[in-house]
Amino acid sequence: MRRTLSTSKGPFRADQIRSGDPYELSNGHAIHCMTTGGRGSRANLLGGSVLDSDPAVEEAGIHTGYSPSSDTLRAPGVAVGNVPNTPGWVQGAPSLAVEYADTGQDEKELAGKIAELLGAGTQKVWVVRLSGPRRVEVHKSGQEPRFVHPGEELTAPGILQNPVPVDALYDRQAAHAVILRNLLQRQGYRDLDEVRGEGWNQGRQEGQLQGLRDSILIVLQARGLTIGDAARSALAAIDDPAVLSRLLTRAATAPTADEVFAGE
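What counts as what
Residues numbered from 1 in each chain as written. Predicted model: local features only at pLDDT ≥ 70, side-chain atom pairs only at ≥ 80, totals over all residues. Heavy atoms only, no water. Helix = DSSP H or I, 4+ residues; strand = E, 2+ residues; numbered from the N terminus. Polar contact = N/O pair within 3.5 Å; in protein donor to acceptor, adjacent residues only side chain to side chain. Contact = heavy atoms within 4.5 Å. pLDDT = per-residue confidence, 0-100. Axes fitted to C-alpha atoms, helices over the stretch in contact; angles between N-to-C directions. Parallel < 35°, antiparallel > 145°, perpendicular 65-115°, else oblique. Left-handed = near helix turned anticlockwise from the far one by under 90°. Nonpolar A, V, L, I, M, F, W, Y, C, P; charged D, E, K, R; others polar. Buried < 20%, exposed > 50% of the residue type's maximum accessible area, 1.4 Å probe, protein only. Pairing = 2+ DSSP bridges. Core = buried A, V, L, I, M, F, W, Y, C linked by side-chain atoms within 4.5 Å.

Caption draft 1: View of the side chain of Thr 72. On the secondary structure map, Thr 72 appears in the loop between strand 3 (60-62) and strand 4 (78-80). Separated by 3.0 Å, the side chains of Thr 72 and Ser 69 make a polar contact. Within the structure, the side chain of Thr 72 is placed 3.2 Å from the side chain of Asp 71, a separation counted as a polar contact.

Caption draft 2: Highlighting the environment of Val 83. With respect to the secondary-structure elements, Val 83 resides in the loop between strand 4 and strand 5 (96-101). With 25 residues separating them along the chain, Val 83 and Glu 58 place their C-alpha atoms 8.8 Å apart. Excluding anything up to four places from it in sequence, Val 83 contacts Glu 59, Ala 60, Gly 61, Thr 64 and Tyr 66.

Caption draft 3: Broad picture of the confidence of the model for the protein. When pLDDT is averaged along the protein, the result is 86, and 91% of the positions lie at 70 or above. Low pLDDT (under 50) marks residues 1-5, which in the prediction has 19 contacts with non-local residues, meaning those over four places away or in another chain.

Caption draft 4: Spotlight on the packing of helix 1 (residues 38-53) against helix 3 (residues 172-186). Where helix 1 meets helix 3, the closest approach of the two axes is 8 Å, and the angle between their N-to-C directions is 20 degrees. Of the possible angle classes, the one that applies to helix 1 and helix 3 is roughly parallel. Of the two possible hands of crossing, helix 1 and helix 3 adopt the one that is left-handed. Contact residues: Arg 42, Leu 46, Ser 49, Val 50, Asp 52 and Ser 53 in helix 1; Arg 172, Ala 175, His 176, Val 178, Ile 179, Asn 182, Leu 183 and Arg 186 in helix 3. Residues of the contact of helix 1 with helix 3, tallied by class, amount to 6 nonpolar, 4 polar and 4 charged.

Caption draft 5: Molecular detail of the environment of Pro 76. One can find Pro 76 in the loop between strand 3 and strand 4. The exposure class assigned to Pro 76 is buried, which follows from its relative accessible area of 0%. Taking the C-alpha atoms as reference points, Pro 76 and Ile 62, separated by 14 residues in sequence, lie 7.4 Å from one another.

Caption draft 6: View of the sheet that holds strand 6 (residues 124-129). Overall, mixed pairing links the 6 strands, which are arranged 3-4-5-6-7-8 in an open sheet. With one partner strand each, in any of the chains shown, strand 3 and strand 8 (146-148) form the two edges of the open sheet. Each strand of the sheet is rotated relative to its neighbour by a mean of 20 degrees, with strand direction disregarded. Alignment of strand 4 against strand 5, held across 3 bridges, turns out to be antiparallel. Pairing of Val 80 across the sheet is with Leu 96, part of strand 5.

Caption draft 7: Seen up close, the nonpolar core. Core analysis: the biggest nonpolar cluster contains 28 residues, and Leu 51, Trp 126, Leu 154, Leu 160 and Val 164 have the highest contact counts within it. Breaking this core down by element, the ones donating at least two residues are helix 1, strand 4, strand 5, strand 6, strand 7 (135-139) and helix 3. Tallying contributions element by element places helix 1 first for this core, with 4 residues. Those residues in contact with Leu 51 that sit more than four places away from it in its chain are Val 57, Val 78, Val 80, Leu 96, Val 98, Trp 126, Leu 160 and Val 164. Leu 209, Leu 212, Leu 217 and Leu 220 belong to the second-largest nonpolar core, a separate cluster that totals 18 residues.

Written as structure tokens, this is what we have:
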């Protein structure tokens, strides 16, 4: 993105920019936004998916246009919070904004965009550096930026429930692992190990139930009693181990198979 920096107010207004136009606005001056290269586009998709899947996030978007004033229009790469499902530019600012900076980044323009987002109410701006040593710059209003590196985690209390590994904002495998964790938590599971444990417990319980059912049939057959379809269906429908244990006791003495299931 490039523009001529000026302290004077420019002639353009946000309502003159249409959705899809390659421009942002700063103090009424148009900023031409170039298309994103392959590396940047992949990273934006991954980062957006990671943040959108967080259990605490209800609204997130890619390149959402924010117009806190008539002469300003800014579109962070990823926005979390204040992304209504309505057409048109969004008033105010997102809670969290993520920018991806790659080769050829206009640093003065990026600094201006960060300042305007923070000034409009954004709590944090994460700048993910894709060129040079990988790192994320964390910007907050009134504070010097700090750097978070691969192997470390980013946090956004009150915005995100879970910490975000730096690698998950650009590495596909790391992103998918975080997305899976987040989606499982949205369904009430802590992580994949808990899902596996529940499946094992369910399988163990079903194995116990089936073992009791089989024992009842074996006892009845050993006693030479006829087991009709109705009795088999009744047995298959019982999923309470206490009931099956009681039926097993009856199977040893009941005169007919039907009487084993009487009253159940």
